[in-house]
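# Coordinates in review
Spelled out from the first residue to the last, the chains are:
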Amino acid sequence: MSADRAAAARAWVAHLREGGTTPWLAWTAGEDRGQATPGPLPGAQQLELLRRVNLRVLASTAAPAQRRTLADRVLAAPAAGRGKADLPLVGVSASDFGPRPVDPATVGAHELLRVASVLLADDLVALGPDPVPTAWPRPWRRRYRLVGDPVLATGLREHLRAHGRPEGGRRPVLVALAAPLDELLARTWTQRCFETGTRPWPEWLRFWRERDQLPARADLAASVRRWHARRPFVRIVTDPDRLPRQLGVRHLPQVRVPGADQAELARRVAAVVGIRVPAAERPALMRTLQRRIPGSGAAPVGVPDAEQAWVAASAARTTRELTRAGYPVVGDLADLAPARAGATRGVADDERVLDLAIRMLVDPSWRHTDRQVER
Amino acid sequence: MSRQVLLHVGCPKTGTSYLQDVLFRNQPVLREHGVLYPADRFDAHFLAALDLMTLPWGGLETEAVGAWDRLAAEVRAWDGTAIISHEIFARATPGQVARALASLGDAEVHLVLSVRDLVRQIPAEWQENVKHRSHVTYAAFLRTIRDPARESKIGSWFWAVQEIPDILDRWAASLPPERVHLVTVPPSGSDRGELWRRFSRTFGLDDLPLDLTAERENPSLGVPETSLLRTINQRVTSVLAPPDYRPLVREVLAHQTLSRGVASARLGLAPADHAWAQELSRSWVAVLAERGYDVAGSLDDLLGPEPGAFADPDTATADELLPPALDAISALLVEAARLRAVEERLHGELREAHEERDRARLTTSHRLRRRVVTTLEDSAAGRGTLAAYRRLRGRPRPAA
């Protein structure tokens, strides 16, 4: 390592801390400018993420103090998980050992997301869980229990609890929220991302296909059986317009289904939150993220063509099971058949997920406690 | 008494499980002699490492929340010698190393790195990968680690925990060489107690009355056994979640069953790979010798054995795989029978609990109390009375 390049690297770090956006290979200044970071040089992942954050900050109204705090956090953040070690800068490291030096501009979005997910997890932990609105239970409410579509069930449970209609009670009607099985699977994975995290969507789907099983919440027949509900107290609802009546209300709010990018980012953040707070605290924090995560415009994940045949067969099996069991159906069980063959499907893209992550790091409005959040 | 921390950061596959087991089981004796090994469970320092390095690990990380800070606090509060030991600390980045050393306070830190020759480490690391769900072939594994770009997860992890000079660059950069201790694993065929004697000398445990019985080791597998396990992984890793894989495959199959095949050929390196590994080791030995660290054993131990007969696990025949496969089926059936017995016992206990509950519900007093509660629940005043009563009795409100 030439001493010049080492000094240049320190100067470049200081430049980035000041909000600079010059790529490393275009950096020519050698002298230290501003306050250099003490300790070892951050890895190329942290430095490139900071540069990209700065590019976004340029277009924002963030105060200089805020920018500096964020810059220091980015430089100090580890990259979560078993990926690459912190990568040295090309032209600086003279060691014959350790990972090969890289040009930070070539570090992939996947690697940058490992750092960004740590920062977002820390933001979420610092924010704390949103309070859960509750109201005194109305004595005349319809007693119900929700199973099926986890995204919808989670949103509705919260809404109903806030309006004095908590789930459960004596002899509840078991309302199974049905949907075309491909959507149900996508929503089951999506909700899982906003709870404990899970494996990536294609791997998750393959896991169930190779087992030829459905995950518990997407298996409507098993979900109903699990509660030992008697037939008159069960409703399989495939027609969303007729759902409010089954729950004893006139209207229900629209529940937002997170897009592929939001779910993928949440999946990564959940893994880090799991190592930051006790297990019992993670669900409320992740639910808070689900309410507050900004939109990215991406559609929810969809079942790829290769898995469609299995999904169709599973849907047919579920339909047979429910028909044989004779449960009352609100709508038509034919609606369980996969609906999205050939339709546009959301696919998480690392670059877009990174873009969303950077947006959330730079624009803290999603963390404002008085912000109206979507349910 | 001066405060001293012996920080053992690696490497994997160097007898660390045995060392940690001895330290864990002998905590009271160690304390009596002024040595702290702070661990409330065997894997306490593993969890601390996961926490320090923000390393999710198949769900285990949820048990690691705050583990490093707790461990460091115990070490700081101890007025004597404290030992921290886990091999995955070897992977820490410079920033994490700086945080770890800073959190140990003003103690005199000694870094301990146990090391073994690459000729034995490479096959051992491939086996370890296979025991952690991987189905990469041996040939692909070797290609991956020989790729200078280290782009893959396997390659980057392997070198992060096995490249001795780099680990020392990260961990020992701020320490004088006399406070850096290398413990070399003796060559194959050495006296079984020699490695312990080297550890014991380095950790200052020579005169302590420790129970050295081996209760927990990380046994190696033979060539056909590893090959079989890799083949099993190909079938099961996509359908078996990590919490199920660990007890059923890693423990029952690998550790308790397949590792018993002591007569099987041991895995080594093909001649070309052997020459490359030894050449690399020689360059490391030269660098380490210049640095002047304290060495328990000899740096020449890092050169490894001379080439021997090589059995290729990627070409193991069906005939070779059949005996361990039958052992595996047998072990899994026995395990299934054990789990059936557990299930049956739990069903029995549940049945008894249900019967007991039903008997209690038949009593007149229960029926009377039930009626009172249902009546009260029908009015706002009644619900208020019930809530007040439950608060007085210290009972939670029933879930809605």
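Residues numbered from 1 in each chain as written. Chains lettered and ligands numbered in written order. Predicted model: local features only at pLDDT ≥ 70, side-chain atom pairs only at ≥ 80, totals over all residues. Heavy atoms only, no water.

## Things to note about the overall build of chain B
Check the secondary structure of chain B and you find 16 helices and six strands. For 400 residues, the compact-globule estimate of 2.2 N^0.38 gives 21 Å, and chain B exceeds it by more than 25% at 27 Å. Each principal axis of the C-alpha atoms in chain B carries an extent, and together these give about 85 × 60 × 45 Å. Across the 400 residues that make up chain B, the buried fraction comes to 50%. Pairs at least 24 residues apart make up 78% of the contacts formed inside chain B by residues separated by at least 6 positions. By element, 55% of the accessible surface of chain B is carried by carbon and sulfur atoms, the whole surface being about 19100 Å². Between the centroid of the 49 positive side chains of chain B and the centroid of its 54 negative side chains there is a distance of 11 Å. (Helix = DSSP H or I, 4+ residues; strand = E, 2+ residues; numbered from the N terminus. Rg over C-alpha atoms; globule rule 2.2 N^0.38 Å. Buried < 20%, exposed > 50% of the residue type's maximum accessible area, 1.4 Å probe, protein only. Contact = heavy atoms within 4.5 Å. Areas by Shrake-Rupley, 256 points an atom, 1.4 Å probe, with all protein chains shown as cover. Lys, Arg positive; Asp, Glu negative; His and termini not counted. Charge placed at Lys NZ, Arg CZ, Asp CG, Glu CD.)

## A closer look at the domain arrangement of chain A
For chain A, the domain assignment lists domain 1 (3–107) and domain 2 (144–259 + 289–348). The distance between the C-alpha centroids of domain 1 of chain A and domain 2 of chain A comes to 44 Å. (Domains from an automatic or database assignment.)

## Observations concerning the pairing of strand S4 (residues 108–115) of chain B
All names here are of chain B. Within S4, seven of the eight residues are buried, leaving the element largely enclosed by the surrounding structure. As judged from the five bridges shared by strand S1 (residues 4–8) and S4, these two strands associate in the parallel manner. In the sheet register, Val5 faces S4, and the bridge partner there is Val109. Where S4 lies against strand S5 (residues 180–184), five bridges are found, and the strand directions are parallel. For Val115, the partnering residue across the bridge sits in S5 and is Thr184. (Pairing = 2+ DSSP bridges.)

## Here we look at the domain arrangement of chain B
Domains assigned within chain B are domain 1 (4–117 + 154–218 + 270–306) and domain 2 (364–400). For domain 1 of chain B and domain 2 of chain B, the distance between their C-alpha centroids amounts to 59 Å.

## A closer look at the sheet that holds strand S6 (residues 294–296) of chain B
Residues and elements named next belong to chain B. Here six strands make up an open sheet; going across it, the order is S2-S3-S1-S4-S5-S6 and the pairing parallel. Two strands bound the open sheet, and with one partner strand each, they are strand S2 (35–36) and S6. Sheet strands in contact with helix H1 (residues 16–25) are S1, strand S3 (81–85) and S4, and its direction is about 140° off that of S3. Across the sheet, helix H10 (residues 194–203) lies against S1, S3, S4, S5 and S6, angled at about 170° from S5, the strand it touches most. (Axes fitted to C-alpha atoms, helices over the stretch in contact; angles between N-to-C directions.)

## Brief notes about unusual backbone geometry
Residue and element names in this part refer to chain B. Cis geometry is adopted by the peptide bond preceding Cys11, which originates at Gly10 and carries an omega value of 0°. One non-glycine residue, Lys13, adopts positive backbone phi at about 65°. Mapped onto the fold, Lys13 is located in the loop between S1 and H1. Notably, Arg133 is not glycine yet its phi reads approximately 80°, a positive angle. Tracing the sequence through the fold places Arg133 in the loop between helix H6 (118–131) and helix H7 (138–146).

## Re the nonpolar core
With 177 residues, the main nonpolar core has B:Ile122 and B:Trp171 as its most contacted residues. Top element by residues in this core is helix H4 (residues 109–127) of chain A. It accounts for ten residues. Look past the residues within four positions of B:Trp171 in its chain and what remains in contact with it is B:Leu7, B:Val9, B:Phe89, B:Ala90, B:Ala92, B:Val97, B:Ala100, B:Leu101 and B:Leu111. With 22 residues, the next largest nonpolar core counts B:Leu23, B:Leu30, B:Ala39 and B:Phe199 among its residues. (Core = buried A, V, L, I, M, F, W, Y, C linked by side-chain atoms within 4.5 Å.)

## Some details on helix H14 (residues 318–362) of chain B
All names here are of chain B. For H14, which comprises 45 residues, the first-to-last C-alpha distance of 64 Å matches the rise-based estimate of 66 Å (1.5 Å per residue) to within 8%. Of all the bends found along H14, the most pronounced is centred on Pro324 and spans about 25°. Residues of H14 that are buried make contact with helix H11 (223–236) and helix H12 (242–255). (Expected span 1.5 Å × (residues − 1). Bend = angle between axes of the 7 residues up to and from the residue.)

## Quick word on the sheet that holds strand S3 (residues 234–237) of chain A
All names here are of chain A. In space, the four strands of this open sheet follow the order S1-S2-S3-S4, with parallel pairing throughout. Two strands close off the open sheet at either side, each with one partner strand: strand S1 (144–148) and strand S4 (329–330). In this sheet, S4 lies alongside S3 in parallel orientation, the contact comprising two bridges. Bridge pairing in S4 places Val237 opposite Val330. This element, helix H5 (residues 150–162), spans S1 and strand S2 (173–177) of the sheet and lies at about 160° to S1.

## What about a nonpolar patch on the surface?
All names here are of chain B. There is a patch of nonpolar side chains on the surface, built from Leu322, Leu326, Ile329 and Leu333 and spanning about 400 Å² of accessible area. Along the chain, Leu326 falls in helix H14. The partly exposed category is assigned to Leu326, whose relative accessible area is 48%. (Patch = residues over 30% accessible without salt bridge, like charges linked within 9 Å, V, L, I, M, F, W, Y side chains within 5 Å. Salt bridge = Lys/Arg side-chain N within 4 Å of Asp/Glu carboxyl O.)

## Remarks on the interface of chain B and chain A
The figure often quoted for interface size is the accessible area lost as the parts come together. Taken together, the 40 residues of chain B in the interface contact 37 residues of chain A. Buried surface at the junction of chain B and chain A, summed over both partners, amounts to about 3200 Å²; 57% is from carbon and sulfur atoms. At the junction of chain B with chain A, the criterion picks out one salt bridge. B:Glu151 serves as the salt-bridge partner of A:Lys84, at 2.6 Å between the closest nitrogen and oxygen. For the interface between chain B and chain A, the tally reads eight residue pairs in polar contact (both at pLDDT 80 or more). Mapped by element, the contributors of at least two residues to the side of chain B that touches chain A are helix H3 (44–52), helix H5 (94–102), helix H8 (153–162), helix H9 (164–171), H12 and helix H13 (271–291) of chain B. Considering only residue class, the side of chain B that touches chain A consists of 17 nonpolar, nine polar and 14 charged. (Buried area = accessible area lost by both parts, 1.4 Å probe. Polar contact = N/O pair within 3.5 Å; in protein donor to acceptor, adjacent residues only side chain to side chain. Nonpolar A, V, L, I, M, F, W, Y, C, P; charged D, E, K, R; others polar.)

## A look at the packing of aromatic side chains
If you walk through the whole model with that rule in mind, you get 18 aromatic pairs over all chains. Consider the rings of A:Trp204 and A:Trp208, whose centres lie 6.3 Å apart with planes at 70°: the pair is edge-to-face. Pair noted here: A:Trp204 and A:Trp208 are both in helix H7 (residues 201–211), with a separation of four residues, about one helical turn. As far as the burial class goes, A:Trp204 and A:Trp208 line up, both buried. Here a set of aromatic residues connected by ring pairs shows up, and it is made of A:Trp189, A:Trp201, A:Trp204, A:Phe207 and A:Trp208. A cation over an aromatic ring shows up here: B:Arg133 above the ring of B:Tyr245, its NZ or CZ 5.2 Å from the ring centre. (Phe/Tyr/Trp six-rings, centres within 6.5 Å; stacked < 30°, edge-to-face > 60°. Lys NZ or Arg CZ within 6 Å of the ring centre and 35° of its normal.)

## Section: the environment of A:Ala271
Topologically, A:Ala271 is positioned in helix H10 (residues 260–276). With 154 residues separating them in the primary sequence, A:Ala271 and A:Ser117 have C-alpha atoms 8.8 Å apart. Beyond its immediate stretch of four places on either side in the chain, A:Ala271 contacts A:Arg282, B:Pro56 and B:Glu61.

## What to know about the pairing of S3(B)
Residues and elements named next belong to chain B. Among the five residues in S3, five count as buried, and that is most of the element. Side chains Thr81, Ile83 and Ser85 project from S3 onto one buried face, and the interleaved Ala82 and Ile84 project onto a second face that is buried too. Relative to S3, S1 runs parallel, the two being bridged by five bridges. Counterpart to Leu7 in the pairing with S3 is Ile84. Both S2 and S3 contribute to a ladder of two bridges, which runs parallel. Of the residues in S3, the one forming a bridge with Val35 is Thr81.

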